[in-house]
Amino acid sequence: MAIAWINEINKDESVNMIRSYRKKFKVDGLKAIDELQSLGVQLTLEEIEKEKRRLKKHEERQIKKKNRNHQEMEAIEQNEYFYYIAGYTSGGAAYGITWEEMGLEPFEDEKKE
């Protein structure tokens, strides 16, 4: 299947072979490079380096996104009823520790700072 696809796609010189292979066969960039080379496709060093740079940028974006999500999750959720909101029911109702259970008035601990 891959060889037939390669023969067909090789007709168009403007096609980014690595990108096209990656999308067609649902593999990452390094796997695409490895498979294309094992199938006899001659890739230039420039094409390989370009894909590696793309992959590195993608990984950096994923790490930033993960860190951003982690920071958002670490932020303590509160409202006028709950000191700490642990989560929400499937109906959207909050649950957690109330201000009363903590022995505090709403947002009292923040006022002290």
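For the structure itself, look to the data block above.
Residues numbered from 1 in each chain as written. Predicted model: local features only at pLDDT ≥ 70, side-chain atom pairs only at ≥ 80, totals over all residues. Heavy atoms only, no water.

Undergrad: Please explain the pattern of salt bridges as it appears in this structure.
TA: Side chains bearing opposite charge may pair, as long as their charged atoms lie close to each other. Per the counting criterion, the structure on display carries 3 salt bridges. The salt bridge partner of Arg 22 is Glu 51, with a shortest N-O separation of 3.2 Å. You can see Arg 22 sitting in helix 2 (residues 17–25) and its partner Glu 51 sitting in helix 4 (residues 45–74), a full 29 residues away along the chain. Here Arg 22 and Glu 51 have matching classes, each one buried. Lys 31 is the salt-bridge partner of Glu 35, the closest N and O atoms lying 3.7 Å from each other. Of this pair, Glu 35 and Lys 31 are both found in helix 3 (residues 29–38), 4 residues apart, which corresponds to roughly one turn of the helix. For Lys 31, a relative accessible area of 40% corresponds to the partly exposed category. Residues participating in the shared-partner salt-bridge network are Arg 22, Glu 51 and Arg 54. (Salt bridge = Lys/Arg side-chain N within 4 Å of Asp/Glu carboxyl O. Helix = DSSP H or I, 4+ residues; strand = E, 2+ residues; numbered from the N terminus. Buried < 20%, exposed > 50% of the residue type's maximum accessible area, 1.4 Å probe, protein only.)

These figures capture arrangement, not role.
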